[in-house]
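Chain residues, written in single-letter form:
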Amino acid sequence: MRPMPLHQRFTPTPLAVATAVAIALTAGHAPPALAQSSAATAAAAPISINIPAQALGPALNELARQANLQMTFPAVSVAGKQAPAVVGQLTVRQALDRLLAGNGLAGAVDGAFVIVRELPTAESAETALPIVRAVAKAERPGDLPAVFAGGQVAAGARLGVLGNQNVMDIPFNITSYTAELMENRQARTVADVLTSDPSVRNAVTAGHQYENFRVRGFTVNRGDFAIDGLFGVSGNSNSTVEMFERVELLKGPGVLFTGMAPSGAVGGVINMVPKRAGNEALTRLTVDARSASQLGTSLDIGRRFGEDKALGLRINGRFADGETTLQGQDNRREFLSVALDYRGRALKASLDAYSTKEKVSGGVGAMFWFATKGMIPAAPDPSINQFPSANGELESKAAIGRVEYELRPNLSAFAAVGISKSENSGFTGGSIVNSINAKGTSTTTTTGANLGYQTNRTAEAGLRGRFATGSVLHEVVLQASGLQNETKSASATKAIASTNIYNPAYAAMPAVPTSAPKTAESTWSGMTLADTLYAWDDKLRLTLAIRQQRIKTTNFSATGAVSAAYDKSTWAPSVGMVVKPWGDDLSLFANHVKGLSQGESVTKIAGYAQDFTFAPYKTQQHELGVKWNLGSFAHTVSLFQIAQPMLISAGTAPNLIATINGEKRVRGLEWNAFGLVTANTRLLGGIAYTQGVQTLTKDGAYDGNDAVGVPQWQANLGAEWDASWLPGLTLTGQVNTTSSQFLDSANTLTLPGGTVLDFGARYLMRIAGQDLIARLNVSNALDRHYYSSSFRDTRPVANLGQGRVVSASVSMYF
């Protein structure tokens, strides 16, 4: 039976939340008598302990990690106290006594559980308060961070090669959205999840088969999504979120933590964390319906096996089919994932495999390319089908294996491998209505058919160690990674004589090519060395890192001959810092990082004076910010600048000269917030103020103009309210607003801004002793017709926002 969500079971004050988290962490871990005896024996046996001199709180956490304990201590009791170095073959009791000596504290050991309390005094005996259990669990960098108050986001996230860390310790603006949020939102894709972030906008028309985003004004493509820190294994269609426990968004370049993104994304990194079986058995069946007549079924099964529940199995499946809100379009999706994991004292291992297939017939989402300066026709009804003959199919399969082994208390090794294969056929890309005039008419639009295959092989391996130099603790990571890609593709096009976006013409789609030659081979490889220094009683964390990155690409013509080759490498240093001068609840952070993108090539054939290939472009980010954790509600405020080099051509053919002296610069101020504002009210979202400027353009023609696709104001704010008059009922609402933005470099085409409202409700009830949750969500409730964003910087192409969509579901637990 699934337990009722914590925030619906009691009034979640900060004290109650802390207590509930501790109870949740220890619940389900109580082993049988034999296991208790084993734990007691293990605690009594000497083990290798190596804890450097440091602040008492971190020292106790380190003992918990090395001895695989769950430790409880009042934070106020250890504040400002120091612990000596403790090294040698010691029992838990011996190590604990040495750490606590002279600090007025005592520890009680009960098997794998340790409780630290203040020694009683005559005065304190009368005024002592009950201890609040703040669990210092033996977490490793691969362990899943706990959920923050309210259940919508997590208290930590994966920082690439540095592993999972608490949000307050990360020198970046990062948010980790939980499975609970995805379920309550009835999210089908990552796009549905990221509507909570003000710095993110969908960069394709809603309902398209691919996902692209603009994050901080820069494009993040579907191929730049990571699964558990690995690029290249996330498939080629809209991501299905059923298999993921978290969707994490790190804003800004992430080359320090994940290596270079395959498409060179610098606005952010999207990482998806696979689900794992929990200690409690789970069987959940969900049936759902969505406008216009989409029906679906999802199944989620989780089990753990063995006396200590070391082996876990998680299975997720989904099938959906039916008509969408795009007139005449039918969408069918099949999905299955299986996750195995093992969690031992020294060894952690996992294997994830999935298969997804999406088939679309009778239409495809369209983008709109405007040709008349200063004239953008009104947005058409999003239900109008611009390509009614289009059909297509996308299929992806992948397997990912990961292992982490603790070689000794302060040294561990990790490795991961992954392979994915994807196939697409039909009109699955390039669905753009071209050269639209002020009346919405186009005479140059084409329909198409594509056939493509893609194979990715990815791997990483590394070491993670901890040591001390004097009073400074170091956590050093050395990681090497590589991604190989092979792409095959072919396409066919057919012109549409004339069409209008308000009354599209029908044109039969051309036949899909019967074969696809190899078009490209690419390899991204590199090595990262990072050192995080802990000093000043853990009030200062400084991360210094450098990444060596190599990019090797070979392109092939239709005959198989090499048409272009690229092989360049570069170094990218980065630094991040977190300072906590007034305690753990307030973090000041800063970072300077470089993002990498493949340099462009110019040729004599294209009119340049010489053939030349540029080294990888280095995008620079500077960021300052503050994070404030109020216990059940948290804020992040960040001020950033991202400057991306751009190629500029000067002169005339055949003597064109290319340089990378161009620049797009985006500066912004972001506020993100999440958590509980009252006992029954949750907030999630924020506001972003952004200034995108073309600082260096060809001949200075557009210097000072706004950057394409960067609105000044973006805001997303959602609220949930648990009705006091009907326990189990939750009402939800969200407002998403975007100011106007330019669609072209000359700033002659402007997309108007606007606001979209979403509403919803859910009801948790119990039937025959089991939980049942009914959900209803309405997105774009007022059915506003609007252009949502810019598709790309180089052409004035706009995306169309989704019309009103009603979603309903019922989840049953067995």
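These numbers come from a predicted model, not from an experiment.

What counts and how
Residues numbered from 1 in each chain as written. Predicted model: local features only at pLDDT ≥ 70, side-chain atom pairs only at ≥ 80, totals over all residues. Heavy atoms only, no water. Axes fitted to C-alpha atoms, helices over the stretch in contact; angles between N-to-C directions. Helix = DSSP H or I, 4+ residues; strand = E, 2+ residues; numbered from the N terminus. Parallel < 35°, antiparallel > 145°, perpendicular 65-115°, else oblique. Contact = heavy atoms within 4.5 Å. Nonpolar A, V, L, I, M, F, W, Y, C, P; charged D, E, K, R; others polar. Phe/Tyr/Trp six-rings, centres within 6.5 Å; stacked < 30°, edge-to-face > 60°. Buried < 20%, exposed > 50% of the residue type's maximum accessible area, 1.4 Å probe, protein only. Lys NZ or Arg CZ within 6 Å of the ring centre and 35° of its normal. Pairing = 2+ DSSP bridges. Salt bridge = Lys/Arg side-chain N within 4 Å of Asp/Glu carboxyl O.

A. A look at the packing of helix α3 (residues 56-67) against helix α5 (residues 92-100). Put simply, α3 and α5 touch, their axes get as near as 11 Å, and they point 170° apart. Classified by the angle between their axes, α3 and α5 sit roughly antiparallel to one another. Residues Leu-56, Ala-59, Leu-60, Leu-63 and Ala-67 of α3 form the contact with α5, whose participating residues are Val-92, Ala-95, Leu-96, Leu-99 and Leu-100. Residue classes in the contact of α3 with α5 are distributed as ten nonpolar, no polar and no charged.

B. Structural detail: the packing of aromatic side chains. Enumeration over the complete set of coordinates arrives at seven aromatic pairs. Ring geometry for Phe-368 and Tyr-787: centres 6.1 Å apart, planes at 65°, overall edge-to-face. Of the two residues, Phe-368 is situated in strand β24 (residues 367-370) and Tyr-787 in strand β48 (residues 787-790); the sequence distance between them amounts to 419 residues. The residues Phe-368 and Tyr-787 share a single accessibility class, namely buried. Ring-pair connections join several aromatic residues into one group, and the members of that group are Phe-368, Phe-370 and Tyr-787. Over the ring of Phe-556 we find Lys-518; its NZ or CZ atom is 5.0 Å from the centre of that ring. Its end group placed over the ring of Trp-369, Arg-795 keeps NZ or CZ at 4.4 Å from the ring centre.

C. Examining the sheet that holds strand β27 (residues 432-436) more closely. Strands sit in the order β27-β24-β49-β48 across an open sheet of four strands; the sheet is mixed. Across the chains shown, the open sheet's two edge strands, defined by having one partner strand only, are β27 and β48. When the angles between neighbouring strand axes are averaged without regard to direction, this sheet yields 30°. Across three bridges, β24 lies against β27 in parallel orientation. Within β27, the residue paired with Phe-370 across the bridge is Ile-436.

D. The pattern of salt bridges, seen in detail. One pass over the structure, following the stated rule, counts 37 salt bridges. Linking Asp-97 and Arg-93 is a salt bridge whose minimum nitrogen-to-oxygen distance equals 2.9 Å. One end of the pair is Asp-97 and the other is Arg-93, both in helix α5 and four residues apart, which spans about a single turn. On the accessibility criterion, Asp-97 (38% relative accessible area) is partly exposed. Arg-333 is paired through a salt bridge with Glu-358; the nearest N and O atoms lie 2.9 Å apart.

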